[in-house]
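Coordinates in review
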Amino acid sequence: MKIKKRSWAEPFKIKVVEPLKMTSREDRLKAIKKGGYNTFLLKSDDVYIDLLTDSGTSAMSDYQWAGMMLGDEAYAGSKNYYNLEDNVKKYYGFKYLVPTHQGRGAEHIVSKILIKKGDYIPGNMYFTTTRLHQELAGGTFVDVIIDEAHDPDNLHPFKGNIDLNKLDKLVKEVGVKKIPYVSVAATVNMAGGQPISIQNVKELKVFCDKHRIKMWCDATRAVENAYFIKTREKGYANKTIAEILKEFCSYFEGIWVSAKKDCLVNIGGLLATRNWKVFEEARNLVVVYEGLHTYGGLAGRDMEAMARGIEEMVELDHIKARIGQVEYIGNLLIKAKVPIVKPIGGHAIFLNAKKFLSHIPQTQFPAQTLAAEIYIDSGVRTMERGIVSAGRNKVTGDHNYPKLELVRLTFPRRVYTQAHMDVTFESIVEVFEKRKSIKGMKMIYEPKYLRFFQARFEKLK
Ligand code: PM9
């Protein structure tokens with residue numbers, strides 16, 4: 001037999017296992033009904049394969065666990081803080097670090113420092129917590145991502161790119177004084193884990209320097225972005241992930257990071273900048289909202305795990321296998337003609353619920369419905385990323401109607417095997433086969449903020 005293409009495998013072996021619980025269809029029907037047809041309201045005990053999020057769900061390495069034992073739990077000046085500071089400098093390239101309990105802690109502080117009432121914050125598609133903090137600080141988020149990002153079938157290799165014409169239009173409309181910074185996400189979660197190119201960031205930098213606008217980056221999944229730059233962008237194939245990450249970050253005044261993703265930890269976040277004034281203000285605010293500036297709401301051991309996770313996140317074998325797993329199931333779904341967002345993104349597969357359940361109008365929550373149906377079929381937990389996540393227009397109070405109505409299958413890092421991918425794939429195909437019989441839902445409880453976390457639904461008869 002001639003082998004056409006050699007396979008890759010996970011660059012680790014398993015040392016500790018956590019048993020998974022199998023449930024019956026009846027159990028799952030009861031559980032999802034009790035949880036108001038919202039997968040966030042399920043008990044994890046009732047879940048078989050948990051693809052809700054890649055946030056804080058990674059498996060840590062033995063090197064990270066060993067670091068946990070070296071936690072210096074001093075209130076002030078923990079040595080783990082200094083290890084983290086060294087690695088943030090070495091890998092992200094920023095001199096000043098403020099740790100936070102998780103990403104939104106950093107978003108809160110950055111938004112409070114940079115935004116004043118009446119400002120506009122352009123960005124490459126909104127993210128739920130990011131936009132909310134920008135709004136709570138008095139700003140209005142403006143989407144300036146390229147149009148291709150809103151089309152699930154468009155094959156643009158960098159759908160996270162910013163459309164400089166849209167940005168220019170905003171500058172002309174509101175004036176530079178009302179634009180405190182451009183909010184750049186790498187990769188873009190809500191667009192399907194799509195990357196932004198270095199070329200686009202460089203062009204943005206020229207534009208922003210000309211208009212004296214700052215650039216800040218949500219670098220939560222910037223390592224995945226770096227992998228896409230390496231594999232898709234001219235001139236970067238021979239650079240290491242670490243080199244690309246550092247160059248990428250060099251265009252920004254600062255970053256915020258939810259360390260629960262790329263950095264391979266279960267809790268943690270950070271804000272890093274090269275601007276002393278911003279750092280000083282952030283250091284002042286962090287003691288109000290998070291904790292002292294040398295721990296920001298984290299234990300010393302958590303900071304050590306993060307410092308070590310940062311070293312591991314840029315290893316090529318790791319990131320290749322991580323994205324390879326997403327590509328594996330994505331390609332199976334494409335072959336089975338299940339509609340997904342293309343190109344396949346970094347951290348997740350996004351099912352196109354608008355196409356999958358084309359008979360259900362957006363006001364009956366097709367993505368929310370599909371996530372519930374997949375859970376009922378197999379115990380695989382996914383997440384809605386459509387009209388529920390998009391929330392309401394803060395002026396009119398009506399739903400925001402996003403073009404993308406998606407269900408996200410998000411893959412925790414180093415947790416599941418290829419066999420788990422096969423089981424998940426088969427479940428989605430089964431649901432796809434009987435899609436015509438599926439009915440939509442109505443919302444019966446809606447919380448004020450970030451409604452997707454706690455909203456409740458009922459099945460339509
Ligand atoms: N992202 C996710 O599942 C967890 C909460 S929202 C469902 O994708 C970006 C790009 C994120 C992110 C969280 C945060 C907030 C900021 N930026 O969750 O507070 O994807 O650590 O980070 C989630 P924290």
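This write-up is about the structure you can find in this document. (Residues numbered from 1 in each chain as written. Predicted model: local features only at pLDDT ≥ 70, side-chain atom pairs only at ≥ 80, totals over all residues. Heavy atoms only, no water.)

Notes on the overall build of the chain
Helices and strands together make up the secondary structure of the chain, namely 16 helices and 14 strands. For 461 residues, the compact-globule formula gives about 23 Å, and the C-alpha radius of gyration of the chain, at 22 Å, lands near that figure. Looking at the chain as a whole, 58% of its 461 residues qualify as buried. Partitioning the contacts of the chain with sequence separation of at least 6, the portion at a separation of at least 24 is 72%. Positive and negative side-chain charges of the chain, numbering 71 and 54 respectively, have mean locations separated by a distance of 3 Å. (Helix = DSSP H or I, 4+ residues; strand = E, 2+ residues; numbered from the N terminus. Rg over C-alpha atoms; globule rule 2.2 N^0.38 Å. Buried < 20%, exposed > 50% of the residue type's maximum accessible area, 1.4 Å probe, protein only. Contact = heavy atoms within 4.5 Å. Lys, Arg positive; Asp, Glu negative; His and termini not counted. Charge placed at Lys NZ, Arg CZ, Asp CG, Glu CD.)

As for the sheet that holds strand β9 (residues 348-352)
The antiparallel open sheet is built from three strands, whose spatial order is β9-β12-β11. With one partner strand each, in any of the chains shown, β9 and β11 (383-385) form the two edges of the open sheet. Going across the sheet, the axis of each strand differs from the next one's by a mean of 35°, ignoring polarity. Strand direction decides the pairing type here: β9 and strand β12 (residues 406-410), joined by five bridges, are antiparallel. Each residue of the ladder has a partner; that of Asn352, found in β12, is Leu406. On the sheet, helix α14 (residues 366-378) packs against β9, β11 and β12 and is oriented at approximately 40° with respect to β12. (Pairing = 2+ DSSP bridges. Axes fitted to C-alpha atoms, helices over the stretch in contact; angles between N-to-C directions.)

A short note on a nonpolar patch on the surface
Together, Phe12, Ile14 and Val17 make up an exposed nonpolar region whose accessible area comes to about 310 Å². Residue Ile14 is classed as exposed on the basis of its relative accessible area of 56%. (Patch = residues over 30% accessible without salt bridge, like charges linked within 9 Å, V, L, I, M, F, W, Y side chains within 5 Å. Areas by Shrake-Rupley, 256 points an atom, 1.4 Å probe, with all protein chains shown as cover. Salt bridge = Lys/Arg side-chain N within 4 Å of Asp/Glu carboxyl O.)

Digging into the nonpolar core
Tyr92, Phe248, Phe252, Ile255 and Met313 are the most contacted members of the largest nonpolar core, which totals 62 residues. When sequence neighbours within four positions are dropped, the list of residues in contact with Phe252 reads Phe94, Val184, Val201, Met215, Trp216, Cys217 and Arg274. Counting residues in each nonpolar core, the second largest holds 30 residues, with Tyr48, Ile340, Phe356 and Val407 among its members. (Core = buried A, V, L, I, M, F, W, Y, C linked by side-chain atoms within 4.5 Å.)

Focus: the site of the ligand
Near the ligand, the surroundings consist of 20 residues, among which Thr53, Arg104, Asp218, Ser258 and Arg408 are the closest. In the environment of the ligand, an oxygen atom lies 2.7 Å from a nitrogen or oxygen atom belonging to the side chain of Thr53. Residue Asp218 places a side-chain N or O atom 2.7 Å away from a nitrogen atom belonging to the ligand. Protein contacts shield 97% of the accessible area of the ligand, which totals 530 Å² for the unbound molecule. Those elements that place two or more of their residues in the shell around the ligand are α4 (103-114) and β11. In terms of residue count, the dominant contributor to the shell around the ligand is α4 (three residues). Broken down by class, the residue content of the shell around the ligand amounts to four nonpolar, eight polar and eight charged. (Near = heavy atom within 4 Å. Polar contact = N/O pair within 3.5 Å; in protein donor to acceptor, adjacent residues only side chain to side chain. Nonpolar A, V, L, I, M, F, W, Y, C, P; charged D, E, K, R; others polar.)

Considering the packing of helix α8 (residues 222-232) against helix α12 (residues 316-335)
At their nearest, the axes of α8 and α12 sit 10 Å apart, and the two run at 90° to each other. By the criterion of interaxial angle, the relationship of α8 to α12 is roughly perpendicular. Residue-level inspection shows Val223, Glu224, Tyr227, Phe228 and Lys230 of α8 in contact with α12, the latter providing Leu316, Ile319, Lys320, Arg322 and Ile323. Along the lines of polarity and charge, the residues of the contact of α8 with α12 split into six nonpolar, no polar and four charged. (Parallel < 35°, antiparallel > 145°, perpendicular 65-115°, else oblique.)

Considerations on unusual backbone geometry
The omega torsion of the bond from Ala186 to Thr187 falls at -15°, within 30 degrees of zero and hence cis. With respect to the element layout, Thr187 can be found in the loop between β5 (181-185) and α7 (198-211). Cis geometry is found at the peptide bond from Lys342 to Pro343, where omega equals -10°. Within the secondary structure layout, Pro343 lies in the loop between α12 and β9. At Phe365, a position not held by glycine, the phi torsion is positive, near 55°. Position of Phe365 relative to the elements: it lies in the loop between α13 (353-356) and α14. At Arg414, a residue that is not glycine, the phi angle is positive and equals roughly 65°. Relative to the elements of secondary structure, Arg414 occurs in the loop between β12 and α16 (418-433).

So, the pattern of salt bridges
Evaluated as defined, the whole model comprises 23 salt bridges. The residue Asp153 makes a salt bridge to Lys342 at a minimum N-O spacing of 3.9 Å. Of this pair, Asp153 sits in the loop between β4 (140-143) and α6 (164-174) while Lys342 sits in the loop between α12 and β9; the two residues are 189 residues apart in sequence, bridging distant segments of the chain. Since its relative accessible area comes to 26%, Lys342 is described here as partly exposed. With its nearest N and O atoms 3.0 Å apart, the salt bridge here joins Glu253 to Lys214. Of this pair, Glu253 sits in the loop between α9 (241-250) and β7 (254-258) while Lys214 sits in strand β6 (residues 214-218), and the two are 39 residues apart along the sequence. Sharing partners across several salt bridges, the network here consists of Asp54, Arg221, Glu224, Asp262, Arg322 and Arg413.

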